[in-house]
Amino acid sequence: MHPLLLLASLCLSSLPAALTIYQKTTGGPAPTPRLQYLLEPLHEVVHAQRGATVTLPCVLRARPPHYTVKWSKVEPAELPENIILVTNGLQHKTYGQLGGRARLRRGHRNDASLTIAGVTLEDEGRYRCQLVNGLEDESLSLTLTLDGVVFPYQTSQGRYRFNYFEAKKACEEQDSRLATYQQLYKAWTEGLDWCNAGWILDGTVHYPIINPREPCGGRLLLPGVRTYGAKDKQKDRFDAFCFTSPVRGQVYFIQGHLSFKEAGQACRNQGATIANVGQLYSAWKFSQLDRCDGGWLADGSVRYPINTPRTHCGGLPDPGVRSFGFPNKELQTYGTYCFSVK
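Note that this is a predicted model, so its numbers are computed, not measured.

> Quick rundown of the environment of V74? Include the residues and the values.
Relative to the helices and strands, V74 resides in the loop between β3 (68-73) and β4 (82-87). Residues V74 and R128, spaced 54 residues apart in sequence, show a C-alpha to C-alpha distance of 6.9 Å.

What follows is the structure, given as structure tokens:
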């Protein structure tokens, strides 16, 4: 055998049996589209802000003789899909709470795109546009994401007091919702470092660590979002990771030496309400609110937002919302943060 052929034979025979060698095609017909009737969307992720109107694209490349298009929300994964709208191309019917804010865009006769008005925090998630056509059903999925910020939250009684349902309610009371894992992970990449574990939307428990340290799993572990996995939603108790999005309003500070009750009245005197934690985080993140003054919030906590860290404002090197915890409500030491609707 020629030496080169012998070498090639030996090399091929030494490859693992399970290895597959792929060769790039240099010609031939284009691959068959995965979808026959629905156009693949240019982008599978659609971004929006709370309160906005958003359109999720779903366009037919061809119209079957008899068909219906069904829009549904299919997240969280453990819940059944939530049907929003069904159309046969001529008429449509909406369903549920989300359906009341949904309509077809109808840009042309083949347009089955879904338009949602007044986007809320709960609207974020995965949506399915399904064409029902007998044996040739097909669908496409789109993800609606909101710009927002994740923050840890605990009660005035200290850490690890919430079961899942209490954590969910606590976030809602702070103009937010339980964060998804994707939101928590993104917040970690942006600098969220928190040693206390908290519930997220799917019922699992996690905590994000940037700087490994002994009280937070040890110094030897790498930075990351550490997980306790799924926990008993009724019995197990942790903190919460909440998610909020920009609000149509303004958070501002009133200087003074006010008790908690006086703080609320000071805001009402100006036609505003005392701000909650979610509103303060939103103003810090999206309006760059920066004050070195502690102020009462609606839950009885005292916090202040820092975008430009400085020595006399807590001394920490990174931006964030600092907390004095939950002082005695009769204490006349702090001002207050108010929220007014624009």
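Picking up where we left off.
> Before we move on, could you go through the confidence of the model for the protein and cite the residues and values that matter?
Mean pLDDT over the protein: 88, with 88% of residues reaching 70 or higher. Contacts from residues 1-33, a stretch scored under 50 in pLDDT, to residues over four places away or in other chains number three contacts.

> Any details on the packing of aromatic side chains? Residues and values, ideally.
If you walk through the whole model with that rule in mind, you get 16 aromatic pairs. Seen in terms of ring centroids, Y153 and F162 are 6.4 Å apart; in terms of plane orientation they differ by 10°. Their pairing is stacked. Classification of Y153 as buried rests on a relative accessible area of 8%. Take F162: its relative accessible area is 7%, and that puts it in the buried class. Measuring from centroid to centroid gives 5.6 Å for Y160 and F238, while their planes differ by 70°, and the two rings are edge-to-face. Residue Y160 is located in the loop between β10 (149-153) and α3 (164-173), and its partner F238 is located in the loop between β14 (224-230) and β15 (239-244); the two are separated by 78 residues in the primary sequence. One cation-aromatic arrangement involves R159 over Y160; the distance from NZ or CZ to the ring centre is 4.4 Å. Between K233 and the ring centre of Y164, over which it is positioned, the NZ or CZ distance is 4.5 Å.

> I'd love a proper account of the state of the cysteines, names of residues and values included.
Applying the stated criterion across every chain yields a total of five disulfides. The residue that forms a disulfide with C58 is C129, at a sulfur-sulfur distance of 2.0 Å. For the disulfide bridge between C58 and C129, the dihedral angle about the S-S bond is near -65°, and by the sign convention the bridge is left-handed. Placement of C58 in the loop between β2 (54-56) and β3 and of C129 in strand β8 (residues 125-132) is noted, with a sequence separation of 71 residues between them. You'll find C58 and C129 in the same group, each marked buried. What pairs with C292 in a disulfide is C313, and their sulfur atoms sit 2.0 Å apart.

> Describe the side chain of S113, naming the residues involved and giving the relevant values.
As for its position among the elements, S113 is in the loop between β6 (102-104) and β7 (114-116). Residue classification places S113 among the buried residues on the basis of a relative accessible area of 0%. A polar atom in the side chain of S113 sits 2.7 Å from the side chain of D111. Excluding its chain neighbours within four sequence positions, the residues that come into contact with S113 are T55, L56, P57, C58, V59, W71, R103, L104 and R105.

> Can you break down the sheet that holds strand β9 (residues 138-146) residue by residue, with the values?
Reading across the sheet, the six strands line up as β1-β9-β8-β3-β4-β5 and stay open at both edges, with mixed pairing between neighbours. The open sheet has two edge strands with one neighbour each: β1 (45-48) and β5 (92-94). Recorded for the sheet is a direction-independent mean angle of 20° between the axes of neighbouring strands. As paired strands, β3 and β8 are joined by six bridges and run antiparallel to one another. Bridging from a neighbouring strand, V69 pairs with L131 of β8.

> Residue-level account of the pattern of salt bridges, with values.
What the rule picks out here adds up to 13 salt bridges. Between R101 and D123 there is a salt bridge, and its shortest N-O distance comes to 2.9 Å. Here R101, found in the loop between α2 (96-99) and β6, pairs with D123, found in the loop between β7 and β8; they are 22 residues apart in sequence, far enough to count as distant. The partner of R291 in a salt bridge is D293, and the shortest N-O contact between them spans 2.7 Å. On the accessibility criterion, R291 (28% relative accessible area) is partly exposed.

> Which residues make up the pairing of strand β21 (residues 334-341), and what are the values?
Remark: a regular strand shows side chains that alternate across the two faces of the sheet. The buried count for β21 comes to seven of eight residues, which makes it a mostly enclosed element. Both strand β16 (residues 249-258) and β21 contribute to a ladder of seven bridges, which runs antiparallel. Within the sheet, the bridge partner assigned to Q250 lies in β21 and is S340. Two strands pair when backbone bridges link them, and strand β17 (residues 273-274) and β21 are joined in this way by two bridges, in the antiparallel orientation. Within the sheet, the bridge partner assigned to T273 lies in β21 and is F339.

Thresholds applied
- Residues numbered from 1 in each chain as written.
- Predicted model: local features only at pLDDT ≥ 70, side-chain atom pairs only at ≥ 80, totals over all residues.
- Heavy atoms only, no water.
- Helix = DSSP H or I, 4+ residues; strand = E, 2+ residues; numbered from the N terminus.
- pLDDT = per-residue confidence, 0-100.
- Contact = heavy atoms within 4.5 Å.
- Phe/Tyr/Trp six-rings, centres within 6.5 Å; stacked < 30°, edge-to-face > 60°.
- Buried < 20%, exposed > 50% of the residue type's maximum accessible area, 1.4 Å probe, protein only.
- Lys NZ or Arg CZ within 6 Å of the ring centre and 35° of its normal.
- Disulfide = S-S within 2.5 Å.
- Polar contact = N/O pair within 3.5 Å; in protein donor to acceptor, adjacent residues only side chain to side chain.
- Pairing = 2+ DSSP bridges.
- Axes fitted to C-alpha atoms, helices over the stretch in contact; angles between N-to-C directions.
- Salt bridge = Lys/Arg side-chain N within 4 Å of Asp/Glu carboxyl O.

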